[in-house]
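What follows is the residue order along each chain.
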Amino acid sequence: MSRYFPTVSNFLVPHLASLLKMEIAPMVDQIEFHPGWTQDDTVALCQNNKILVEAWSPLGHGKLLEHPILVEIGKNHGKSSAQIMIRYALQKDVLPLPKSTNKKRIASNLDVFDFELNPDEMRRIDSIQNEAFSGSNPSTVTF
Ligand SMILES: NC(=O)c1ccc[n+]([C@@H]2O[C@H](COP(=O)([O-])OP(=O)(O)OC[C@H]3O[C@@H](n4cnc5c(N)ncnc54)[C@H](OP(=O)(O)O)[C@@H]3O)[C@@H](O)[C@H]2O)c1
């Protein structure tokens with residue numbers, strides 16, 4: 001069994017394409033992922049190569065909490081918009097990493113395993129496009 005469990009962060013398609021030529025492929029890629037910024041091409045490449053996608057800022061840095069589509073779907077399930085976004089990531093086979101400094105919100109962010117978003121709800125969330133992007137692009141960022 002391999003002793004290596006390589007994890008990368010913010011590797012998008014061009015970066016992964018180079019890495020996938022190496023002997024050891026990454027097992028995890030942590031990227032920005034939330035409604036409005038789902039980076040489908042990177043997620044597909046990862047999932048086709050058995051790389052777990054972790055979602056940073058799965059709540060869109062908190063900027064999507066009042067989004068009307070998410071609030072409405074949440075009401076249908078008796079859940080918050082945050083719980084809807086976390087469930088959305090899970091149903092995309094993406095592991096969400098929500099951050100909260102509040103004990104109650106941390107607990108509620110875990111309470112997402114007693115309901116399921118139906119295909120129509122998933123499509124409605126997919127229709128949220130180009131929202132809450134952090135602006136961080138690893139190909140252009142300056143250090
Ligand atoms: N790998 C990378 O390059 C990278 C880049 C950015 C971030 N990250 C990591 O990703 C994680 C999350 O990112 P993030 O903090 O930018 O965004 P996020 O998890 O999308 O959103 C966090 C915001 O949502 C609020 N929140 C959390 N749960 C809530 C709930 N149930 N109801 C209402 N508000 C809620 C938080 O406020 P409260 O604290 O007040 O609850 C906070 O303002 C962090 O651990 C961060 O380190 C990684």
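To be clear, the structure that these remarks concern was listed above.
Residues numbered from 1 in each chain as written. Predicted model: local features only at pLDDT ≥ 70, side-chain atom pairs only at ≥ 80, totals over all residues. Heavy atoms only, no water.

As a further point, take the overall build of the protein. When helices and strands are tallied, the protein shows six helices and four strands. When its C-alpha atoms are laid out on the principal axes, the protein stretches across 50 × 35 × 30 Å. Within the span of the protein, comprising 143 residues, buried residues form 38% of the whole. Taking as baseline every contact in the protein between residues at least 6 positions apart, the subset at least 24 positions apart corresponds to 66%. Accessible surface for the protein amounts to roughly 8700 Å². Of this, 55% is attributable to carbon and sulfur atoms. Averaged over its 14 positive side-chain charges, the protein has a centre that lies 6 Å from the centre of its 16 negative ones. (Helix = DSSP H or I, 4+ residues; strand = E, 2+ residues; numbered from the N terminus. Buried < 20%, exposed > 50% of the residue type's maximum accessible area, 1.4 Å probe, protein only. Contact = heavy atoms within 4.5 Å. Areas by Shrake-Rupley, 256 points an atom, 1.4 Å probe, with all protein chains shown as cover. Lys, Arg positive; Asp, Glu negative; His and termini not counted. Charge placed at Lys NZ, Arg CZ, Asp CG, Glu CD.)

The next point concerns the packing of aromatic side chains. Throughout the structure, instances matching the rule amount to two aromatic pairs. For the ring pair Phe 33 and Tyr 88, a centre distance of 6.1 Å and an interplane angle of 25 degrees mean the geometry is stacked. Taken together, the residues Phe 33 in the loop between strand E2 (28-32) and helix H2 (40-48) and Tyr 88 in helix H4 (residues 81-91) connect sequence positions 55 residues apart. Of the two residues examined, Phe 33 and Tyr 88, each falls in the buried class. Judged by centre distance (3.8 Å) and plane angle (15 degrees), the rings of Trp 37 and Phe 133 are stacked. With Trp 37 in the loop between E2 and H2 and Phe 133 in the segment after helix H6 (119-126), the pair connects residues that are 96 residues apart, well separated along the chain. (Phe/Tyr/Trp six-rings, centres within 6.5 Å; stacked < 30°, edge-to-face > 60°.)

On to the site of the ligand. The immediate surroundings of the ligand are formed by 20 residues, with Ser 57, Leu 59, Ser 100, Thr 101 and Arg 105 found nearest. One of the side-chain nitrogen or oxygen atoms of Asn 10 is found 2.8 Å away from an oxygen atom of the ligand. Contact distances for the ligand include 2.8 Å between an oxygen atom and a backbone N or O atom of Leu 59. When the ligand is considered free in solution it has 920 Å² of accessible area, and contact with the protein chains removes 68% of it. Here the shell around the ligand takes three residues from helix H5 (residues 103-110), the largest share from any one element. Residues of the shell around the ligand, tallied by class, amount to seven nonpolar, eleven polar and two charged. (Near = heavy atom within 4 Å. Polar contact = N/O pair within 3.5 Å; in protein donor to acceptor, adjacent residues only side chain to side chain. Nonpolar A, V, L, I, M, F, W, Y, C, P; charged D, E, K, R; others polar.)

Looking now at the environment of Asp 111. By the element assignment, Asp 111 lies in the loop between H5 and H6. Looking at Asp 111, the relative accessible area reads 37%, which means it is partly exposed. Linking Asp 111 and Gln 83, residues 28 residues apart in sequence, is a C-alpha distance of 7.4 Å. Apart from residues lying up to four places away in sequence, Asp 111 is in contact with Lys 79 and Gln 83.

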